[in-house]
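Next come the chains, spelled out residue by residue.
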2 protein chains.
Amino acid sequence: MKPDSNVSPLAPEAFPQLPEIAGVEAAIGRAGFYKHERPDLLLIRCAPGTRAAGVFTTNAVGSAPTDWCKQALAATRGNARGLLVNAGCANSFTGPAGDAACKRALEAAGEKLGAPAREMLAASTGVIGVVLDDAKIVSALPRMDLAPVRWPDAAAAIMTTDTFPKGAGANCMIDGVNVSIAGIAKGSGMIAPNMATMLAFVFTDAALSAPILKTLLKAETETSFNAVTVDGDRSTNDCVLLFATGQAKVPPIADASDERLADFRAALSRVLADLAIQIVRDGEGATKLVAVNVEGAVNDASAKAIARTICESPLVKTAVAGEDANWGRIVMAIGRADEPVKKEMIAVRFGDLYAARDGMVSAEYDEAAMSTYMKRQELEITVTVGPGIGRARMYTCDLTKRYVEINGDYRS
Amino acid sequence: MKPDSNVSPLAPEAFPQLPEIAGVEAAIGRAGFYKHERPDLLLIRCAPGTRAAGVFTTNAVGSAPTDWCKQALAATRGNARGLLVNAGCANSFTGPAGDAACKRALEAAGEKLGAPAREMLAASTGVIGVVLDDAKIVSALPRMDLAPVRWPDAAAAIMTTDTFPKGAGANCMIDGVNVSIAGIAKGSGMIAPNMATMLAFVFTDAALSAPILKTLLKAETETSFNAVTVDGDRSTNDCVLLFATGQAKVPPIADASDERLADFRAALSRVLADLAIQIVRDGEGATKLVAVNVEGAVNDASAKAIARTICESPLVKTAVAGEDANWGRIVMAIGRADEPVKKEMIAVRFGDLYAARDGMVSAEYDEAAMSTYMKRQELEITVTVGPGIGRARMYTCDLTKRYVEINGDYRS
């Protein structure tokens, strides 16, 4: 296991102030999945009546905890009383033994919370291919005291190779009632020997049904967690869970498209996007945060496919690391996305500076201004690919020698 | 422009002995697309009656020379009298001005060969977005003397950032008649400011029709040039051209599936695969050549998609660079290929050493033996993903700090 990296140069100044969420308590513990002294367990208790929804990795291998969450949420129709998260062991690719270990850990955690295992959710992050040693968790649980959530500590307990804890929150209104949202996340690419990447847990005191939570979460994940990429590798354990404790007594709402949810939806969107971008800011070896905008595609899905190809092109990412406005590589990436584009309309812009326009190098191309812009820590790349109305925005980071070091030289 | 790199550690001992191809002559020249002293022009004359076929990049942006070749081959039904190749300028993303420059250069070259421009083929490799300066070519042509092909010189003239010239040849029989095949190629990833990647030109003295050449070339490209990947980035100028001069009087053959072509087809396949693997051996920063085999997929296309995901995963490629048998990352890559797999049947083998088997870490996993194997320069990774009959084999190289250096730090 490599020593923790230094804090990312793209890290936020400080951990944000997050609202307290009525009906949510937490306990931090150490099961000892890491040799060095650090918390690696997070137990969350949710008030009775809490509803939850999740989105999970599409990786076909998956993991015991993600399989468990999908089944539990289906079986209980989204009734959730708690969450158990461990760092240091992903419990992925571990077969039936991994499933059994996950279940035993949740039974012990549920007992502590006075809840049946099937109303407990689980998330694991860490080494792939090692069965979760649930005994370590079972023996740690009695030493863990539930209390009002200290968000920075909760966020720190789920870190693996993250260089800073990640949190975001918001206050909003549902039909005149104040509600709060608080979320934490971990992630920074994948890491040796093989860490599972991204976890996020978001809590609100609003009273919302599981189907509504699921609809909102799915929709807002598209433009947040599904709009960031560090290295294109997608882990076996990724999941985003949204819990609503119902302590804020909002009037019953039957439908996710109800206008009274507009403010909540916008707030949730901000929280998820904030957490997602913090993960890119902690991208392994990252020195620059890049937002890629695609305009003029045949539709939004096509625009997103082009944006993703640009964001994941090693040649684009290394050029950004070299502070080179290498628009030729961006044109190449647009061309290899296998999406319909109008060659003669292709334009590439860095900030407000046009590098290419109308399918050729731009007349106003200004090398000096361009290289000044490229020295920035946060970049905006905008491409036009045709006359369509399809748009997308994605975030990525640069590809540096440090990334190769972290992922290739960790033995030395 | 960065100085030439040192020769790749994976380079072959020496340039191979290639057969002479009756009906093919070449001239090397210098148009001056590079500041430093080096040949950057290759002119090939083919005997009257030569037939040609090509496969071209699927990059939607393309380039003037690839557009020209597609149109010319269609218009002449594969009649080709010559080929003009320049290094240093890709003439891609250059609009109508680039098309006109390409045509003028071919008119001048055709005049020298006594052939109409439409029977001339063109290939350019180098900077994207700069219109070809055909005047440089026109003034260089008179100084170029046609002579029997010196293959190492021809291969060297089309290099950009390649660290060694690439050639492969074979002799075979068609219906009792001896025929020869000789091919050259260039490629080593893409490079700053933005080089187009891969070119290959293959010549035979066999008398074969253009449709037959096209069928054979398309089929054999699938398992050669379309089965290698350095960084997943696909250039705007890639092309493979196959010329048959007809000097070896083989009996007329009407159909590509004619059994009398079996030996030729096998020889062509060997030549293309040899050239393709040499390109991976020259992959930017490469220190290891990796063959990835996928077995048990639902079909060959699915197997190839999985193989490609493994070959292009930055985490797999950096682990190989770190000489780590990181099977967890390979399992992750299998899972994110979005192809049908049977989790409980997944196996990962390095050479003959099993790391994972039946969806779990392998019982016979031997750390010591494994790390000895990973020190090799050439690796075989074989994965089983299910009970199917789909198979694929792809080649890639490792991802090293040198790759980032070449593609990111070239300014320093």
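In short, a report on the structure. Since we're looking at a predicted model, the values are computed, not measured.

### Digging into the sheet that holds strand S15 (residues 378–384) of chain B
Residues and elements named next belong to chain B.
Thought 1: Taken together, the 6 strands give an open sheet; going across it, the order is S14-S13-S12-S15-S11-S16, and neighbouring strands pair in mixed fashion. The sheet is open, and its two borders are formed by strand S14 (360–361) and strand S16 (390–397), each paired with just one other strand.
Thought 2: The pairing of strand S11 (residues 289–297) with S16 spans 7 bridges and is antiparallel. The residue of S16 that forms the bridge with Ala-291 is Tyr-395.

### So, the packing of aromatic side chains
Residue and element names in this part refer to chain A.
Thought 1: Under the definition given, this model contains 6 aromatic pairs over all chains.
Thought 2: Each ring, one from Trp-151 and one from Phe-203, has its centre 5.8 Å from the other, and the planes form 40°; the classification is tilted. Of the two residues, Trp-151 is situated in helix H4 (residues 151–157) and Phe-203 in strand S9 (residues 199–206); the sequence distance between them amounts to 52 residues.
Thought 3: What makes Trp-151 buried here is its relative accessible area of 4%.
Thought 4: Arranged with centres 4.9 Å apart and planes meeting at 15°, the rings of Phe-203 and Phe-243 form a pair that is stacked.

### With respect to the nonpolar core
Thought 1: Residues A:Leu121 and A:Phe201 are the most contacted members of the largest nonpolar core, which totals 58 residues.
Thought 2: A per-element tally of this core places helix H2 (residues 95–113) of chain A first, with 7 residues.
Thought 3: Each residue touching A:Leu121, except ones within four places of it in the same chain, is listed here: A:Ala52, A:Cys69, A:Ala72, A:Leu73, A:Ala80, A:Gly82, A:Leu83, A:Leu84, A:Leu106, A:Leu241 and A:Phe243.
Thought 4: Judged by nonpolar contacts, the second largest core, of 57 residues, contains B:Ala80, B:Met144, B:Cys239 and B:Leu241.

### Description of the sheet that holds strand S16 (residues 390–397) of chain A
All names here are of chain A.
Thought 1: On the basis of which strands lie adjacent, the open sheet formed by 6 strands has the order S14-S13-S12-S15-S11-S16 and mixed pairing. At either end of the open sheet lies a strand with only one pairing partner, and these are strand S14 (360–361) and S16.
Thought 2: Here helix H7 (residues 300–312) sits on the sheet in contact with strand S11 (289–297), strand S15 (378–384) and S16, set at roughly 25° to S16.
Thought 3: Along the sheet face, helix H10 (residues 367–374) touches strand S12 (347–350), strand S13 (353–357) and S15 and points at about 115° away from the line of S13.

### Considering the packing of helix H11 (residues 401–408) of chain A against helix H11 (residues 401–408) of chain B
For any two helices packed against each other, the geometry is given by the interaxial angle and the distance between the axes.
Thought 1: Interhelical geometry of H11(A) versus H11(B) gives an angle of 170° and a closest axis separation of 8 Å. Relative to H11(B), the element H11(A) lies roughly antiparallel. In this structure, H11(A) uses A:Lys401, A:Val404 and A:Glu405 to contact H11(B), whose residues at the interface are B:Lys401, B:Val404 and B:Glu405.
Thought 2: Broken down by class, the residue content of the contact of H11(A) with H11(B) amounts to 2 nonpolar, no polar and 4 charged.

### Section: unusual backbone geometry
Negative phi characterises most residues that are not glycine, and trans characterises most peptide bonds.
Thought 1: Located in the positive-phi region is A:Phe93, a residue other than glycine, with phi close to 60°.
Thought 2: On the secondary structure map, A:Phe93 appears in the loop between strand S4 (82–89) and H2.
Thought 3: The residue B:Asp338 is not glycine, and still its phi comes out positive at about 55°.
Thought 4: Looking at the secondary structure, you find B:Asp338 in the loop between helix H9 (327–335) and strand S12 (347–350).
Thought 5: Exposure remark for B:Asp338: the relative accessible area of 53% places this residue in the exposed category.

### Here's the deal with helix H8 (residues 314–321) of chain A
Residues and elements named next belong to chain A.
Thought 1: H8 sits mainly inside the fold: 7 of its 8 residues count as buried.
Thought 2: The complete set of buried residues in H8 reads Pro-314, Leu-315, Val-316, Lys-317, Thr-318, Ala-319 and Val-320.
Thought 3: Following H8 by one or two positions, Glu-323 has its phi on the positive side, about 55°.

How each quantity is defined
- Residues numbered from 1 in each chain as written.
- Chains lettered and ligands numbered in written order.
- Predicted model: local features only at pLDDT ≥ 70, side-chain atom pairs only at ≥ 80, totals over all residues.
- Heavy atoms only, no water.
- Pairing = 2+ DSSP bridges.
- Helix = DSSP H or I, 4+ residues; strand = E, 2+ residues; numbered from the N terminus.
- Phe/Tyr/Trp six-rings, centres within 6.5 Å; stacked < 30°, edge-to-face > 60°.
- Buried < 20%, exposed > 50% of the residue type's maximum accessible area, 1.4 Å probe, protein only.
- Core = buried A, V, L, I, M, F, W, Y, C linked by side-chain atoms within 4.5 Å.
- Contact = heavy atoms within 4.5 Å.
- Axes fitted to C-alpha atoms, helices over the stretch in contact; angles between N-to-C directions.
- Parallel < 35°, antiparallel > 145°, perpendicular 65-115°, else oblique.
- Nonpolar A, V, L, I, M, F, W, Y, C, P; charged D, E, K, R; others polar.

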